[in-house]
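A closer look at the structure
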Amino acid sequence: MNKKRVLVLTGGGDCPGLNAVIRAIVKRAENEDDWEVIGSIRSFDGILNEPSEIVVLNDTIVSGIHFRGGTILGTTTKGGPFAWPIKDNDGNWSEADRSDEMLRKLQYLGVEAVINIGGDGSQKISQLLYEKGLNVIGVPKTIDNDLSATDLTFGFQTAVQIATESVDKLVTTAASHSRVMIMEVMGREAGWIALHSAIAGGADVCIIPEIPYDPALVVKHIKKRYKQGGGFAIIVIAEGAKNVHGEGVKKNSVEIGNPNSRLGGVAYKLENELKQAELPFDIRVTVLGHLQRGGVPIAYDRVLASQFGIKAFEMVLNKEFGKMVAFRQPDVISVPFTEAISQYNYVKHDNYLINTARGLGISLGDE
Ligand code: F6P
């Protein structure tokens, strides 16, 4: 019997829990006699590359991968079927739309449905492919938790755990030297990782992109903390933070085929601003960077990722195409791509986490 094929791929930055999603899809599909799962290596590249890089995914291959970080399928932040990078004869790079060719290849491979595990960029591609007739389902992933259609994305809690453990470590060295430690976390334009880890780690200051900071107010707060007897201070700052003049640190991508701007380094900018505002204490900076995306997913993310994988395959069975899996506590539901990609998940000023941080005496740099 010729089995129906579902193709799985992972796109965008990796995220702890991707393997748990892949495993759940495969395990659920193994309960159906007439389905088999295949995977494309490095997102859509595996389909478009010559020769194709497609692998069969079965129980043996996915056995024990639920606690492995990264993705067994590989991933990429570059290119994609609508903007495939091509090197011209003159050495310049341009982009080609290879989506029609890719759809033909999927047909040739006997693919009935595609499950695209990725962030907002990947789900925008999913929507365009769905409009072209592909049976596609999305699974959201990002450590940033910046997709508004889902209460949480897997990988986020793992990143928060890593950031919180890092604050814990910085506390002991900060206290020993009476220093101010600035720790920068990821999150793009959203302050979720910063806010959670600042509250969990007991930071003194937390700066998020949604609330512009005034360095003079940060200095005032730190001086007060030192006076109250702490003798040291921890500042958690999100990579997308901006001061009251709207200044942050963002660079255009220099990678061919990667449209994403690069964030990172705003902690050093803050260090200079605090020095200029005459903070009289020693300052050290730690930029956590990709450590937040590495290693094993914590149990919470393995569970959420497993739920997403099971739901995604069941959406294939129910032919719920053009939709993305979403977590709306306590349920796992499906939402149309159009809804899934329409709004960015900023931390709203009336979110109870903001109130909690202020209640704990954490300065958000604005008062
Ligand atoms: O979106 C996830 C994320 O880790 C962001 O927090 C960060 O800004 C970005 O990806 C880093 O991307 P890259 O791995 O391409 O440098």
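All of these numbers come straight from a predicted model, not from anything done at the bench.

With respect to helix α8 (residues 215-227)
With 13 residues, α8 extends 18 Å from end C-alpha to end C-alpha; this agrees with the ideal 18 Å at 1.5 Å per step. Buried within α8 we find Pro215, Val218, Val219, His221, Ile222 and Tyr226. What you see down the axis of α8 is that its buried residues fit within an arc of 165 degrees, all on one side. Among the exposed residues of α8, those pointing more than 90 degrees away from its buried face are Lys220 and Lys227. Among the structural elements, β8 (180-185), β9 (205-207), β10 (233-238) and α9 (266-276) are those in contact with the buried residues of α8. Two to three positions downstream of the cap, the backbone nitrogen of Ala216 sits 3.0 Å from a side-chain oxygen, assigning the N-cap of α8 to Asp214. Gly229 sits one or two residues past α8 and shows a positive phi near 115 degrees.

Some thoughts on the site of the ligand
Around the ligand, the surrounding shell consists of Ile143, Asp144, Met186, Gly187, Arg188, Glu239, His290 and Arg293. The side chain of Asp144 places a nitrogen or oxygen atom 2.6 Å from an oxygen atom of the ligand. Contact distances for the ligand include 2.7 Å between an oxygen atom and a side-chain N or O atom of Glu239. Protein burial of the ligand: of its 400 Å² of free accessible surface, 80% is covered by the chains. Judged by the fraction of its atoms near the pocket grid, the ligand is located in the largest pocket. Grouping the constituent residues of the shell around the ligand by class yields two nonpolar, two polar and four charged.

A look at the domain arrangement of the chain
Looking at the assigned domains, one finds that the chain contains domain 1 (4-154 + 297-329) and domain 2 (157-294 + 348-359). For domain 1 versus domain 2, the distance between C-alpha centres works out to 33 Å. Contact with domain 1, which involves 17 residues of that partner, is made by 18 residues of domain 2. Regarding the contact of domain 1 and domain 2, the summed buried area is about 1,500 Å², with carbon and sulfur atoms giving 60% of it. Per-residue buried area on domain 1 facing domain 2 is highest for Ile143, Asp144 and Ile298; these three make up 33% of the total on that side. At the surface where domain 1 touches domain 2, the tally comes to one salt bridge.

Some remarks on the environment of Gly240
As for its placement among the helices and strands, Gly240 is situated in the loop between β10 and β11 (250-251). What makes Gly240 buried here is its relative accessible area of 4%. In sequence terms Gly240 and Leu263 are 23 residues apart; their C-alpha atoms lie 6.6 Å from each other. Aside from chain neighbours lying at most four places away, what touches Gly240 is Arg188, Glu189, Pro209 and Leu263.

Quick notes on the packing of aromatic side chains
For the structure on display, the rule yields four aromatic pairs. On the numbers, 5.8 Å between centres and 85 degrees between planes, the contact of Trp35 with Phe313 is edge-to-face. Within this pair, whereas Trp35 is found in strand β2 (residues 35-40), its partner Phe313 is found in helix α10 (residues 299-317), the two being separated by 278 residues in sequence. Considered together, Trp35 and Phe313 belong to a single accessibility category, that of buried residues. Lying over the aromatic face of Trp84, Arg98 brings its terminal NZ or CZ to 4.7 Å of the ring centre.

So, how was this worked out
Residue numbers restart at each chain and count upward from 1, following the sequence in its written direction. Local features in this predicted model are restricted to residues of pLDDT 70 or higher, and side-chain atom pairs are both shown and tallied only at a pLDDT of 80 or more, whereas totals for entire chains, interfaces and linings draw on every residue. No hydrogens and no water enter the side-chain calculation; it runs on all heavy atoms of the structure. Where helices and strands are cited, they refer to DSSP runs of H or I of at least four residues and of E of at least two residues respectively, numbered from the N terminus. Expected span of a helix, by definition, is 1.5 Å for each gap between consecutive residues, and there is one gap fewer than residues. Buried means the residue's accessible area, taken with a 1.4 Å probe over protein chains only, is under 20% of the maximum for its type, while exposed means over 50%, and partly exposed covers the values in between. It is the directions from the helix axis to the C-beta atoms whose arc is reported. Contacts are assigned to residue pairs that have any heavy atoms within 4.5 Å of one another. Nitrogen and oxygen atoms within 3.5 Å of one another constitute a polar contact, given that in protein one can donate a hydrogen and the other can accept it, and given that sequence-neighbouring residues count only through two side-chain atoms. By convention in this text, a residue qualifies as near a molecule or strand provided that one of its non-hydrogen atoms is within 4 Å of it. Note on areas: Shrake-Rupley with a 1.4 Å probe; residue coverage comes only from the protein chains shown. Any residue with an atom within 4 Å of a point lines the site, the site being either a cavity, points on a 1 Å grid over the protein atoms alone where a 1.4 Å probe fits but cannot get out, or a pocket, an open set with protein on both sides within 12 Å along at least 5 of 7 lines. Assignment to a cavity or pocket requires that more than half of a molecule's atoms be within 2 Å of the site's grid points. Residue polarity follows a fixed list, in which Ala, Val, Leu, Ile, Met, Phe, Trp, Tyr, Cys and Pro are nonpolar, Asp, Glu, Lys and Arg are charged, and the others, Gly among them, are polar. Segmentation of the chain into domains, including their bounds, is taken from an automatic or database domain assignment. Each of two parts loses accessible area, computed with a 1.4 Å probe, when they are put together; buried area is these two losses added. The salt bridge criterion pairs a side-chain nitrogen of Lys or Arg with a carboxyl oxygen of Asp or Glu, the two atoms within 4 Å. When the centres of two rings from Phe, Tyr and Trp lie within 6.5 Å, Trp using its six-membered ring, the rings pair. Their planes under 30 degrees apart give stacked, over 60 give edge-to-face, and anything left gives tilted. For a ring to carry a charge above it, either NZ of a lysine or CZ of an arginine must fall within 6 Å of the ring centroid while also lying within 35 degrees of the normal to the ring plane.

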